[in-house]
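Structural characterization, general
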Amino acid sequence: MFYIVEQESKLESLQRLAKLGLYVDVISSNDLYHQKLTSTIAVYIRPINSKHGYIIPIDHDEGINVAKSRVYSILLEASKLYTVDKKNLLYHFNLQDAIDLSLLYSMKNYERLEYTRENNTLNYFYNKFQDFKNINQLIPISKLYESCEKVYNQVNKVINYKIPEKFNFYNKTATNVFFLLEQSGLGIHYDAFNKMFNPRNPLYNTVDNKVLTSYNLYNATSRPTNAFNSVNFAAIPKSPEHRKCFRPQNDIFIEFDFDGYHLRLLCDEIDYALTKESAHKQLAKQYFNKEEITEEEYDKAKQINFHAIYGKIPEKWADLEIFTKIKDFIDKLWKEFEKNGAVMAPISGKVFSRRLKDMNPQKLMNYVMQSLETSRNILILKEVLRFLKDKKTNVVLYTYDALLFDFCKEDGKETLEKLKEILESDKKYPVKYKHSDNLVLE
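Residues numbered from 1 in each chain as written. Predicted model: local features only at pLDDT ≥ 70, side-chain atom pairs only at ≥ 80, totals over all residues. Heavy atoms only, no water.

1. Quick look at the overall build of the chain
Along its length, the chain carries 16 helices and 17 strands. Its C-alpha atoms give the chain a radius of gyration of 24 Å, near enough to 22 Å, the size a compact globule of 442 residues would have. Viewed in the frame of its principal axes, the chain has a C-alpha envelope of about 80 × 55 × 40 Å. The 442 residues of the chain split such that 56% are buried. For the chain, long-range pairs separated by at least 24 residues make up 67% of all intrachain contacts whose partners lie at least 6 apart in sequence. For the chain, the accessible area works out to roughly 21000 Å², and carbon and sulfur atoms hold 48% of it. Distance between charge centres in the chain, computed from 63 positive and 59 negative side chains, equals 4 Å. (Helix = DSSP H or I, 4+ residues; strand = E, 2+ residues; numbered from the N terminus. Rg over C-alpha atoms; globule rule 2.2 N^0.38 Å. Buried < 20%, exposed > 50% of the residue type's maximum accessible area, 1.4 Å probe, protein only. Contact = heavy atoms within 4.5 Å. Areas by Shrake-Rupley, 256 points an atom, 1.4 Å probe, with all protein chains shown as cover. Lys, Arg positive; Asp, Glu negative; His and termini not counted. Charge placed at Lys NZ, Arg CZ, Asp CG, Glu CD.)

2. Quick word on the pattern of salt bridges
Scanning the model with the defined rule gives 19 salt bridges in all. Among the ionic pairs, arginine 117 bridges to aspartate 25, the shortest N-O distance being 2.8 Å. On the criterion of sequence distance, the pair formed by arginine 117 in the loop between α4 (101–109) and α5 (120–129) and aspartate 25 in strand β1 (residues 22–28) is long-range, its members being 92 residues apart. Residue classification places arginine 117 among the partly exposed residues on the basis of a relative accessible area of 22%. Owing to a relative accessible area of 3%, aspartate 25 belongs among the buried residues under this scheme. Salt-bridge contacts for glutamate 421 lead to lysine 418; the nearest nitrogen and oxygen are separated by 3.4 Å. (Salt bridge = Lys/Arg side-chain N within 4 Å of Asp/Glu carboxyl O.)

3. Description of unusual backbone geometry
Generally, phi is negative for residues other than glycine and the peptide bonds are trans, each holding for most cases. Positive phi, close to 70°, is recorded for tyrosine 400, a residue that is not glycine. By secondary structure assignment, the location of tyrosine 400 is in the loop between β15 (394–398) and β16 (402–407). Residue tyrosine 400 is classed as buried on the basis of its relative accessible area of 19%. For lysine 427, which is not a glycine, the phi torsion comes out positive at approximately 65°. Here lysine 427 falls in the exposed class, since its relative accessible area comes to 53%.

4. Topic: the packing of aromatic side chains
Scanning the model with the defined rule gives 27 aromatic pairs in all. With centroids separated by 5.3 Å and ring planes inclined at 85°, the aromatic side chains of phenylalanine 169 and tyrosine 170 adopt a geometry described as edge-to-face. Neither phenylalanine 169 nor tyrosine 170 differs from the other in exposure class; each is buried. Each residue in the set Tyr3, Tyr23, Tyr44, Tyr145 and Tyr152 is aromatic and connected to the rest through ring pairs, giving one cluster. Its guanidinium or amino end placed over the ring of tyrosine 429, arginine 376 lies 4.0 Å from that ring's centre, counting from NZ or CZ. (Phe/Tyr/Trp six-rings, centres within 6.5 Å; stacked < 30°, edge-to-face > 60°. Lys NZ or Arg CZ within 6 Å of the ring centre and 35° of its normal.)

5. Things to note about the sheet that holds strand β9 (residues 215–216)
What holds strands together in a sheet is hydrogen bonding between their backbones, with the strands either parallel or antiparallel. Spatially, the 3 strands line up as an open sheet ordered β9-β10-β11, and their pairing is antiparallel. Each having just a single partner strand, β9 and β11 (231–232) make up the two edges of the open sheet. Across 2 bridges, the pairing between strand β10 (residues 225–228) and β11 is antiparallel. Bridge pairing links alanine 227 to asparagine 232 in β11. (Pairing = 2+ DSSP bridges.)

6. Focus: the side chain of serine 102
Among the structural elements, serine 102 can be located in helix α4. For serine 102, a relative accessible area of 2% translates into the label buried. Once you skip the residues sitting within four places of it in the chain, serine 102 turns out to touch Val84, Leu113, Tyr115 and Tyr218.

7. Remarks on the sheet that holds strand β6 (residues 186–187)
Taken in spatial order, the 3 strands of this open sheet run β6-β8-β7, and their pairing is antiparallel. On the outer flanks of this sheet lie β6 and β7 (206–207), each paired with one strand and no other. Sheet analysis places β6 next to strand β8 (residues 210–211), joined by 2 bridges and oriented antiparallel. Among the inter-strand pairings, leucine 186 is bridged to a residue of β8, identified as valine 211.

8. Concerning the pairing of β1
By the criterion of burial, β1 is predominantly enclosed, with 7 of the 7 residues buried. Residues Leu22, Val24, Val26 and Ser28 line one face of β1 and the alternating positions Tyr23, Asp25 and Ile27 line the opposite face, and both faces are buried. Relative to strand β2 (residues 40–47), β1 runs antiparallel, the two being bridged by 7 bridges. Each bridged residue has a counterpart across the sheet, and for leucine 22 the counterpart in β2 is proline 47.

9. A few points about the environment of isoleucine 378
Among the secondary structure elements, isoleucine 378 is positioned in helix α15 (residues 361–387). By relative accessible area, which is 1% here, isoleucine 378 ends up buried. Along the chain, isoleucine 378 and serine 348 lie 30 residues apart, while their C-alpha atoms are 9.7 Å from each other. Leaving out residues up to four positions away in the same chain, isoleucine 378 has contacts with Phe169, Thr173, Ala174, Val177 and Phe178.

See the structure below:
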């Protein structure tokens, strides 16, 4: 069949066409499995402006298989390379310059790029053999090709989108950070985890008594979610029964938790000075006009601060300097939004435009702050991952204002001290830590 590329002469022709730009889609061994547990079955390549694509078998019985390295050499020749999910692509090929169409679409439209691979043949095989790890080897290569053509026809319009000015912050830095963050997995007690969390199928993302997570970057504020196989790892229930399902793969879990993180980020933006003392406690002293704060007052202050961060400034304390500055900040953002039709978030340069539905001043401020939080965390994670590169300790979970480490005692106390230093950024953002041999952290 003309669309199956096996002979070297056809591979060379495809390599020449790469100069015009390529779209690439990897067919893994099973679409339902975490990408780390899959292998590469075939690769679909479509030269830009071509009327059809080509499929190269790598590990499929229908065809003469081509070495994966040979396919990689073709993809490296692309003047521009597009893919529908770059993080997934990285599990098969290290192609740092690939442009993530789903990311590009979500950054412009503030919603997910929807597409499906389904056809009757794929549905038949997945209904009958979905747990078979190499199911895509069983499916006729012509039907795999059809599914890739179908995806391309649903997403190709995004290829013509203008690349935003700071797109690479997400397309390269963020994508790489979360790809690397997914590699370690979380240690689990296998039977207990399956009983308490009831994943769709444990085979899909558990191996060697660890569970693999998957970060989704295609959200309006850029704040990633983390769910896979019917388990939401960004919101693990707080019950001891759920949290005792996890265990370190090294020696102990250590969680670094930022103190009043959103509040400190906001205070940085409005130029309101906070000390190293608990941010919530500092403001509680102003609310209640006293130095010694009770636990009840502290909780009340946290509630006030939470509402203030989301733009609901309490009337009773509206004249406090922090709240007048927050109000001025909200007003400034909204004026810029109304004048220019958009505002740009700090660090990442993510644009929030009128395409966002039902926008209002408070919501705009909240989006900007969530984007700022995410952007700073991406840079922090990048530095953390670089520091841990030659160590046994791993960062295994990211939950917005906290990082969970699977600590190896061989790395020594100085490793924890350095991690604390990285997170605190010259002590501007103090962290607290908890530790345990499960996720009931103390």
